[in-house]
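# Reading the structure
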Amino acid sequence: MPEIRKTEVEFEGRVEERETIVESEGVLPWGDDARLTEVGRPVPRVAGKARVTGQALYTVDVDFPGQLVARVLRSPHPHARVTAVDAPSLEALPGVHLIWHRDQPPPVSTFKGRELFPAEVAYEGAEVALVVARDERGAEDALRAIEVSYEPLPFVTGLESALSKGAQEALCGTGGNVINPEGRTYLRGNLERGWERAAVSVDLSFETPNASHSPLEPHAVVARWEGEQLTVWESTQGVFSVRQDVAEALGIAQDRVRVVCDFVGGGFGAKQRAGRHTLLAALASRETGRPVGLRLRRREEQVAGGYRPASMQRVRVGAAEDGTLVCIEHDAWEHMGAHGHRGYAVTGPTESLYACPNVRTSVRGVRANSDRGRAFRAPGYVEGTFALESSMDVLAAKVGMDPLELRLKNCAAEDPVSGEPYTSKGLKEAYEIGARLVGWRDRRGIPPPRGPWRRGWGMASQVWGGGGGPPANAVAKILPDGGVEVLVGVQDIGTGTRTVLSQIAADELGVGLDAVRVVVGNTEAAPYGPTSAGSQTLASAGPAVRAAVRACLGQVIGMAAQMLGKDGRGEEAFDARDGEIFLREDPEVRIPFREVAERMDGYTVVGNGSRGPNPQGRRINTFGAHFVEVNVNVETGQVRAVKVVAVHDVGRVINPLTAANQVHGGIIQGVGLSLMEGRVVDDQTGLQLTANLEGYKVPTIMDTPQIDVSFLNRPDAEANSVGAKGLGEPPIIPTPAALANAVSDAIGARVTHLPLTPREVLGYLQRESERPS
Amino acid sequence: MSITSQGPGPVDVTLTVNGRSVDVHVEPRRTLLSVLREELGLTGAKEGCGEGNCGACTVLLDGHAVYACMTLAVECDGGEIRTVEGLADGEELHPVQGAFLEHDGYQCGFCTPGQIMAAVALLERCPSPTEDEVRQGMAGNLCRCGAYPNITASVIAAADRMRQKDA
């Protein structure tokens, strides 16, 4: 019987208490003696063949007979008033089915409280009109045929100018650009007392850039009505969130909206909910009676698809002479765009990484004329860790300690925020393993590189959630041929979710991996599952899958017992292994799983499973450490990331092959943010100069350092029944901090602004050379 | 004012795609990518940028890797095109496909068809590449997920397989 329970769930650095309906999972955590054959094995991805043959269906590949092409006309100004829209009549445009704009609005004219085609456009790329045509060419021609008159308005682009006195309003009538002047604040202990005890102090300011997610598949949707039923194919991380948004926007019941997404071409946080494009396509499809596809072009994606908000941060750290932290103050401002919110958990690492008794933090969101800042892989934590861990290195130098020793000294034994113990924490081990692998303690003995190159070493720590939690559900079915279908309402955004959930299901049933098929990304097929974000997918859905499959197995064993003439024996008298059900006390009494299924003659065994509550009074966190070696050319300012040693504690590793790949990807995106990524906006025009994949530098294969990945691989039985924690976000968190520390080490000057482009590095070198010695 | 685009109307283009001859009747402004995807239903090649920056649309034209988004269909008249859909021999994957599968040379998979075609072209002109040569050869293909270490490993492994097959 399901019961209503309170449980604490962490998402992207914020802990919330949820009231949720939970059922007993009906499974105990796997113990040391659990016989796991698929779990823990480096299995190639189950949907890999579709990917390598070009058969994998992405939203941009969905093409129905008669499908129309929608395109959006977007503002070429960072801030303007739309004074007139002059669109030709549809009769003048062969093959054009529909044009919507301010004066000719769609039947639903707002989305999430904002007009679809507002009079005031507050960012380059804001929607001004929609055209729907027979094909791509017709849509392109129609876009060109629309003339829009704008009255340009004053704009503000950067954080600093948005915060300056008398700054222009990014959005008219808001009375200032700070979204939450009171800030999201946190305080523990007593700052005054802390500073009194501080013998040494550090006071530094940091900046990080607006960084575009740049998924290779831009935001895209195909909408199709069949009578009163709407199906939305959306390139998304969360089909259920999209369903909710679309149903609410259209004012219809959720059961009338089905959302499907088979493969996603990257999301990284940018594709968590329905967008304005989603609603426009759904409305256009209803209006025209045809399927309508709308995909953003690259330029649109880069100006309107979202970005990691730029940050300005100030960190003040006080410590005793022996390096013991006594107080930290951390204030952050985030560039949230014209319609953004109050900001992400930039100061989360400062609150939770070290055992420091007195801590005060604040985060404020700031409006500026850009699209909406969005969650991007460990939002806030990447930027905050950069600031905190840079400050720790400066502190280490001041107290005359090695950076690693300073961190070991201040490592928190329990969660500093709640005072609760962790379910597991392997941070000290991660430090030690990483230090050994990179040769940290012998690093000064290596001869320096020749010519203009200088070598530097840096390290940084990672803390993040990743514990997941309810609600997450799964349904498993045993098909008449012994096949197993597992339906889960999550998404596989490239992390390998399908594969690890298949491994879990296969081991629970004692069948081979090829007998299992996991279906994700379909609101109609699967019960509710969380959005694949916040490193919560595996730790939430994994236990639900185990429970669902176990519920099936109980029924299969019941049938097997009857078939074996052992009706009186309970479920626990039997076990399942190698595709057979057998009596524990007499393994010769056995029957193949497949035979049981076949003899059920079309009766489908169905099992429900749901994620149980998180443990009370315990914090679930992931931890890790990165050690980086860089070479810096002091003549050109070029930085080469040579080597990254990454050690992560994420509980049990279900699939070492895909897990290592996740770490590679996080590190490479971290290298991008550290060295090359960042939107460049022209102050004179307010327009982005980097709105394509040439100007906006994402790392190429040539920018890839040597990467050495290790996992502690210690199952966390207290966290959940599969013992695994999330891994999506942890590997990007410490990379920029460790890289910045390494560059600072190489050039002998503290770097505080990302990205560390050659120009930026030369600036540090020049200021250092001009400093009176 | 005429609002439809000016210029010559559709023209006939003959292509050999994955060994089969096909005739299409398309406007000269159409790219090879749009013809492959929209006219021929070959959606393996992807549009990641539409301007020759990302490589997700890479296909082979007369054995050379090209960005299909930067190639007009009319330029390919009489040419031989190979796409990711034409690599496998029935159920048997091409060694490059097999290596990407085994070495997890992708994450989301969107760039994968382009990566694989770039690798096929690389290995045809350089059957025993060093790691550096692989990186040089694959530098025109972006993977935003950052699966690069495994992409390098996949291409090296594919080279081994192809040499063994030829031996």
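Residues numbered from 1 in each chain as written. Chains lettered and ligands numbered in written order. Predicted model: local features only at pLDDT ≥ 70, side-chain atom pairs only at ≥ 80, totals over all residues. Heavy atoms only, no water.

### Looking at the overall build of chain B
In terms of regular secondary structure, chain B is built from 5 helices and 5 strands. Each helix (α) and strand (β) of chain B, taken in turn from the N terminus, gives the series β-β-α-β-β-β-α-α-α-α. For chain B, the C-alpha radius of gyration of 17 Å lies close to 15 Å, the compact-globule estimate for 167 residues. Expressed as lengths along the three principal axes of its C-alpha atoms, the size of chain B is roughly 60 × 30 × 25 Å. Taken across its 167 residues, chain B has 55% of its residues classed as buried. Counting every atom, chain B has about 6,800 Å² of accessible surface; 46% of that belongs to carbon and sulfur. (Helix = DSSP H or I, 4+ residues; strand = E, 2+ residues; numbered from the N terminus. Rg over C-alpha atoms; globule rule 2.2 N^0.38 Å. Buried < 20%, exposed > 50% of the residue type's maximum accessible area, 1.4 Å probe, protein only. Areas by Shrake-Rupley, 256 points an atom, 1.4 Å probe, with all protein chains shown as cover.)

### A few points about the sheet that holds strand 28 (residues 586-592) of chain A
Residue and element names in this part refer to chain A. In spatial order, the strands read 26-27-28; together these 3 strands make up an open sheet with antiparallel pairing. Only two strands of the sheet have a single partner each, and these edge strands are strand 26 (574-577) and strand 28. Averaged over all adjacent pairs, the angle separating strand axes in this sheet is 30°, with direction ignored. Examined bridge by bridge, strand 27 (residues 580-583) and strand 28 share 4 bridges and lie antiparallel to one another. Residue pairing across strands places Ile581 opposite Ile591, the latter belonging to strand 28. Strands in contact with helix 13 (residues 537-563) are strand 26, strand 27 and strand 28; relative to strand 27, the strand with the most contacts, it is inclined by about 65°. (Pairing = 2+ DSSP bridges. Axes fitted to C-alpha atoms, helices over the stretch in contact; angles between N-to-C directions. Contact = heavy atoms within 4.5 Å.)

### Remarks on the interface of chain A and chain B
Contacts between chain A and chain B engage 59 residues on the former and 51 residues on the latter. Among the residues of chain A in contact with chain B, A:Val52, A:Leu216 and A:Ile701 are the three that bury the most area, contributing 18% of the side total. Between chain A and chain B we count 9 salt bridges in total. B:Arg37 serves as the salt-bridge partner of A:Asp61, at 2.8 Å between the closest nitrogen and oxygen. Between the two partners, chain A and chain B, sit 26 residue pairs in polar contact (both at pLDDT 80 or more). Among the secondary structure elements, those contributing two or more residues to the side of chain A that touches chain B are helix 1 (48-53), helix 2 (136-145) and helix 15 (656-675) of chain A. Classifying every residue of the side of chain A that touches chain B by side-chain character gives 26 nonpolar, 19 polar and 14 charged. (Buried area = accessible area lost by both parts, 1.4 Å probe. Salt bridge = Lys/Arg side-chain N within 4 Å of Asp/Glu carboxyl O. Polar contact = N/O pair within 3.5 Å; in protein donor to acceptor, adjacent residues only side chain to side chain. Nonpolar A, V, L, I, M, F, W, Y, C, P; charged D, E, K, R; others polar.)

### What about empty space enclosed by the protein?
Residue and element names in this part refer to chain A. Scanning the entire structure with this criterion turns up 5 cavities of 30 Å³ or more. Taken as a whole, the largest cavity holds about 550 Å³ of empty space. Thr495, Ser535, Gln662, Leu727 and Gly728 are, among the 37 residues lining the largest cavity, the residues nearest its centre. Listing elements by their share of the lining of the largest cavity, those giving two or more residues are helix 12 (497-509), helix 13 and helix 15. The greatest single-element share of the lining of the largest cavity, amounting to 3 residues, is contributed by helix 15. Its residues placed into classes, the lining of the largest cavity shows 14 nonpolar, 18 polar and 5 charged. The volume enclosed by the second largest cavity comes to roughly 140 Å³. What lines the second largest cavity is a set of 13 residues, and nearest its centre among them are Asn369, Ser370, Arg679, Val681 and Gln688. For the lining of the second largest cavity, the class distribution of residues is 3 nonpolar, 7 polar and 3 charged. (1 Å grid on protein atoms, 1.4 Å probe; cavity = no way out; pocket = protein on both sides within 12 Å on 5 of 7 lines; lining within 4 Å. Points joined across faces, edges and corners; volume = space filled by probe spheres on them.)

### Examining the packing of helix 2 (residues 95-102) of chain B against helix 3 (residues 112-125) of chain B
When two helices pack together, their arrangement is captured by the angle between the axes and the distance separating the axes. Residue and element names in this part refer to chain B. Two numbers describe how helix 2 lies on helix 3: the axes approach to 9 Å, and their chain directions differ by 130°. In terms of axis orientation, helix 2 runs oblique to helix 3. The handedness of the crossing between helix 2 and helix 3 comes out as right-handed. Residue-level contacts link Val96, Gln97 and Phe100 of helix 2 to Thr112, Gln115, Ile116, Ala119, Val120 and Leu123 of helix 3. Tallied by class, residues from the contact of helix 2 with helix 3 come to 6 nonpolar, 3 polar and no charged. (Parallel < 35°, antiparallel > 145°, perpendicular 65-115°, else oblique. Left-handed = near helix turned anticlockwise from the far one by under 90°.)

### Some points on the packing of helix 15 of chain A against helix 16 (residues 735-747) of chain A
Residues and elements named next belong to chain A. Where helix 15 contacts helix 16, the two axes come as close as 8 Å, and the packing angle between them is 50°. In terms of orientation, helix 15 and helix 16 fall into the oblique class. The handedness of the crossing between helix 15 and helix 16 is right-handed. Note on element contacts: helix 16 touches helix 15 through Thr735, Pro736 and Leu739, opposite Gly666, Ile667, Gly670, Val671, Leu673, Ser674 and Leu675. The residue makeup of the contact of helix 15 with helix 16, split by class, is 6 nonpolar, 4 polar and no charged.

### Quick look at the confidence of the model for chain B
When pLDDT is averaged along chain B, the result is 95; 96% of the residues meet or exceed 70. Across the interface, the model reports ipTM at 0.97; the global pTM reads 0.97. (pLDDT = per-residue confidence, 0-100.)

### Description of the pairing of strand 19 (residues 311-319) of chain A
Residues and elements named next belong to chain A. By the criterion of burial, strand 19 is predominantly enclosed, with 7 of the 9 residues buried. Sheet topology places strand 12 (residues 200-208) next to strand 19; 9 bridges connect them, and they run antiparallel. Among the inter-strand pairings, Leu204 is bridged to a residue of strand 19, identified as Val315. In this sheet, strand 20 (residues 325-335) lies alongside strand 19 in antiparallel orientation, the contact comprising 9 bridges.

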